[in-house]
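Structural features, examined
Below, each chain spelled out in residue letters.
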Amino acid sequence: MSLRERFEAHLGTLALPSRHLLVAVSGGPDSIALLDLLIGCRGPMGLELAVGHVDHGIHPESPAVAERVRRLADRYAIPYLVRTLGLGAGAGETEARSARYAALETLRVEAGAGAIVTAHHADDQAETVLMRVLKGSGPAGLAAISGVSGSLVRPLLPFRRDELAQHVRAIGETAWTDPANRESRHERSWIRHEVLPMLRSRIPDIEPRLLRVAAQARAERTAWESLLDAWPGLDMREEADSISVAVAPLGQVDVELAIGIIRALARRWGYPVGHARAERVRCLAVEGSSGNRVPLGGGAVAERAFDRLRFLAMPELPGEPWELSGEAGERMSGRWRFVWRRAPAPDSQHREARTAWFQPSDHALTVRPWRPGDRLRPLGGRGRRLLVRCFQDARVPHSSRAAWPVIEHAGLVAWVPGVCRSDLLVPAPGVEALRVDAELA
């Protein structure tokens with residue numbers, strides 16, 4: 001089979017998150033080959049393509065490279081989007097990579113694409129495995145680069161650098177070679193031009209061996225993550241703001257098995273953790289009290305929430321109070337979406353619902369954050385009840401409460417969406433009222 005045929009067959013095996021793709025083209029041979037191969041699949045696979053180029057502003061030739069990529073996109077008659085960063089010659093490898101991916105994500109949104117396609121290939125994979133070996137990575141790290149990861153697609157992983165370069169020559173294109181790719185001060189360049197050639201002189205098939213390491217590590221990682229779904233007692237739940245499992249099984253198995261499950265859970269959620277931190281999380285799950293947390297970095301935490309272990313990013317707070325004004329409207333408050341309109345009131349309302357009806361009043365309803373000490377009179381109940389007790393009854397985790405919205409009327413709590421409806425402003429059945437829907441986005 002030709003390279004084109006093999007590429008199309010491989011692309012067909014990938015679970016593409018979208019058919020509208022932003023192709024990251026640096027101007028180097030790998031990305032030029034990628035673009036041309038995708039162009040060949042455009043009709044058969046119904047792809048909609050755009051070129052995204054990031055001018056890092058590091059090398060003096062970068063504006064000329066950006067212009068060459070633009071002309072390439074014009075020849076293929078597809079949209080071209082560019083982002084200029086101006087990082088300067090002193091920018092490090094990690095800084096440039098982070099800035100590049102952030103810029104590509106911006107371009108993806110601008111293009112209306114559902115995914116970014118990059119030109120990582122088999123030689124990049126081998127280099128990544130060796131880099132992670134030298135850093136002491138475990139099996140999950142040695143699995144290296146995935147073909148599809150979120151909105152990133154890497155369809156060239158089965159293909160070698162040399163055959164991609166040969167393809168570029170065959171289609172009559174010329175590519176730019178970034179001089180930084182040969183500077184040994186960059187770790188990947190040092191691996192590529194110094195370490196791997198030395199190893200290859202003694203072990204000629206070093207790259208295939210490293211790729212086998214990645215394949216075996218990936219199989220082990222997949223097995224651990226499959227366990228999350230296959231073990232009924234874990235009761236894994238993926239929600240809008242978190243991922244969680246039942247605590248009890250983690251205390252009933254060997255420590256290392258529990259740690260493996262926790263690490264698989266963190267990877268599934270997108271915040272990988274090392275062995276030591278996973279052990280801290282295991283102790284939290286087995287020995288901690290509800291509301292106890294372990295920080296994971298980047299604003300993320302592991303939390304014991306009643307009888308469950310949750311991984312979550314600390315929620316965005318609702319901010320300043322605001323009013324539900326007018327006959328109808330829609331607004332975000334933190335991670336909550338509120339939609340309101342006029343509608344007849346139902347025969348009854350449920351305390352724990354995320355929809356409520358309010359009779360008209362001279363005072364507007366106000367949305368604000370929960371405050372310690374807040375109380376309300378529950379619908380159908382007696383007396384005033386602390387909201388913290390309502391949160392506990394509704395099993396709302398401690399970390400979620402500060403960002404949970406409260407609807408207030410004239411200084412009194414009227415409703416806590418999904419937690420408790422008060423007896424305030426309850427309209428008679430069939431009466432035209434203000435319907436408010438609250439949804440955790």
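Residues numbered from 1 in each chain as written. Predicted model: local features only at pLDDT ≥ 70, side-chain atom pairs only at ≥ 80, totals over all residues. Heavy atoms only, no water.

Quick notes on the overall build of the protein chain
The criterion, for reference: Counting from the N terminus, the helices are the DSSP runs of H or I reaching at least four residues and the strands are the DSSP runs of E reaching at least two. Should any heavy atoms of two residues lie within 4.5 Å, those residues are counted as being in contact. In this description, accessible areas are obtained by the Shrake-Rupley approach with a 1.4 Å probe, and a residue is regarded as covered only by the protein chains that are shown. Only four residue types enter the charge count: Lys and Arg as positive, Asp and Glu as negative, with His and the chain ends excluded. For charged residues, the charge sits on one atom: NZ in Lys, CZ in Arg, CG in Asp, CD in Glu.
Each helix and strand counted, the protein chain has 13 helices and 22 strands in total. Once the C-alpha set of the protein chain is aligned to its principal axes, its extents read approximately 80 × 55 × 45 Å. Taking the intrachain contacts of the protein chain between residues at least 6 apart in sequence as the baseline, contacts between residues at least 24 apart amount to 68%. Counting only carbon and sulfur atoms, one obtains 50% of the accessible surface of the protein chain, whose full area is about 21200 Å². Charge-centre separation for the protein chain: the mean point of 58 positive side chains lies 3 Å from the mean point of 53 negative side chains.

Considering helix α10 (residues 255–269)
This is how it is decided: In a helix, the anticipated span is given by 1.5 Å times the number of residues less one. Residue burial is assigned from relative accessible area. The probe radius is 1.4 Å, only protein chains are included, and a residue is buried under 20% of its type maximum, exposed over 50%, and partly exposed in between. Here a polar contact is recorded for every N or O atom pair within 3.5 Å, except that within protein the pair must consist of a potential hydrogen donor and a potential acceptor, and residues adjacent in sequence are included only if both atoms are side-chain atoms.
A rise of 1.5 Å per residue sets the reference length of α10, with its 15 residues, at 21 Å; its end C-alpha atoms lie 21 Å apart and thus fit the reference within 8%. Considered for burial, the residues of α10 that qualify are Ala258, Ile259, Gly260, Ile261, Ile262, Ala264, Leu265, Ala266, Arg267 and Trp269. Put simply, aspartate 254 is the residue that caps the front of α10, since its side-chain oxygen is 2.8 Å from the backbone nitrogen of glutamate 256. The first or second residue beyond α10 is glycine 270, which carries a positive phi of 105 degrees.

As for the side chain of arginine 154
Put simply, the rule is: Throughout this description, the term salt bridge denotes a Lys or Arg side-chain nitrogen within 4 Å of a carboxyl oxygen of Asp or Glu.
Within the fold, arginine 154 resides in the loop between β6 (152–153) and α7 (161–170). No salt bridge is formed by the buried arginine 154; the nearest opposite charge belongs to aspartate 124, separated by 8.6 Å. Here serine 146 takes part through its backbone oxygen, which lies 2.9 Å from a polar atom of the side chain of arginine 154. Arginine 154 has contacts with Thr118, His120, Ile145, Ser146, Gly147 and Ser149, leaving out every residue within four places of it along the chain.

Some points on the sheet that holds strand β15 (residues 355–358)
Threshold: Any two strands between which DSSP finds at least two bridges are classified as paired. Fitting a line to C-alpha atoms yields each axis, with helices limited to the stretch in contact; the angle taken between N-to-C directions then spans 0 to 180 degrees.
Overall, antiparallel pairing links the four strands, which are arranged β13-β14-β22-β15 in an open sheet. In this open sheet, the two strands that pair with only one neighbour each are β13 (329–333) and β15. For this sheet, the mean inter-axis angle between neighbouring strands, taken without regard to orientation, is 25 degrees.

Here we look at the environment of leucine 16
Within the fold, leucine 16 resides in the loop between α1 (3–11) and β1 (20–24). Distance from leucine 16 to proline 204, taken between C-alpha atoms, is 35 Å for residues 188 residues apart in sequence. Other than its neighbours up to four places away in sequence, leucine 16 contacts Leu11, Leu47 and Val153.

Quick notes on the pattern of salt bridges
Applying the stated rule across the entire model yields 35 salt bridges. Residue arginine 71 is joined to glutamate 67 by a salt bridge in which the shortest nitrogen-to-oxygen separation is 3.7 Å. Highlighted residues: arginine 71 and glutamate 67, both in helix α3 (residues 62–75), separated by four residues, approximately one helical turn. The class of arginine 71 is partly exposed, set by a relative accessible area of 39%. Glutamate 67 gets classed as partly exposed once you look at its relative accessible area, which sits at 30%. One salt-bridge network, in which partners are shared between bridges, spans Asp123, Asp124, Glu127, Arg160, Arg161, Arg188 and Arg192.

Looking at the packing of helix α9 (residues 206–230) against α10
Formally: Here roughly perpendicular refers to angles of 65 to 115 degrees, roughly parallel to angles under 35, roughly antiparallel to angles over 145, and oblique to all remaining angles. Throughout, the ten residues Ala, Val, Leu, Ile, Met, Phe, Trp, Tyr, Cys and Pro are labelled nonpolar, Asp, Glu, Lys and Arg are labelled charged, and all others, Gly among them, are labelled polar.
It is the contact of α9 with α10, at a shortest axis distance of 9 Å, that shows an interaxial angle of 90 degrees. Classified by the angle their axes make, α9 and α10 are roughly perpendicular. Between α9 and α10, the residues in contact are Arg221, Trp224, Glu225, Leu227, Leu228 and Asp229 and Glu256, Leu257, Gly260, Ile261, Ala264, Leu265, Arg267 and Arg268, respectively. Here the contact of α9 with α10 is built from residues that sort into seven nonpolar, one polar and six charged.

Notes on the nonpolar core
The line we're drawing: For this analysis, a nonpolar core means a set of buried residues of the types Ala, Val, Leu, Ile, Met, Phe, Trp, Tyr and Cys, connected via side-chain atoms within 4.5 Å.
Membership of the largest hydrophobic core comes to 35 residues, with the highest contact counts inside it found for Phe7, Leu11, Leu35, Leu38 and Leu47. Contributions of two or more residues to this core are made by α1, β1, α2 (29–45), β2 (48–55), α3, β4 (115–117) and α7. Ignoring sequence-local partners within four residues, the contact set of phenylalanine 7 consists of Leu34, Leu37, Leu38, Cys41, Pro155, Leu156 and Phe159. Counting residues in hydrophobic clusters, the runner-up holds 29 residues, among them Leu365, Ala414, Val419 and Val436.

Some points on the packing of aromatic side chains
Selection rule: Aromatic rings from Phe, Tyr and Trp, with only the six-membered ring used for Trp, were paired whenever their centres fell within 6.5 Å, and each pair was classed as stacked if the ring planes differed by under 30 degrees, edge-to-face if by over 60, and tilted otherwise.
In the structure shown here, the tally under the stated rule is nine aromatic pairs. Taking 6.2 Å as the distance between ring centres and 90 degrees as the angle between the ring planes, the aromatic pair formed by tryptophan 269 and phenylalanine 311 counts as edge-to-face. Highlighted residues: tryptophan 269 in helix α10 and phenylalanine 311 in strand β11 (residues 308–313), separated in sequence by 42 residues. Like tryptophan 269, the residue phenylalanine 311 is buried in the burial classification. One aromatic cluster is present, formed by Trp336, Trp370, Phe391 and Trp404 through successive ring pairs.

So, the pairing of β13
On any regular strand, side chains alternate: one points to one face of the sheet, the next to the other face. Of the strand pairs in this sheet, β13 and strand β14 (residues 336–344) are connected by five bridges, and their pairing is antiparallel. Bridge pairing in β14 links arginine 331 to phenylalanine 338. Connecting the antiparallel pair β13 and β14 is a turn made up of two residues, with glycine 334 showing a positive phi of about 65 degrees.

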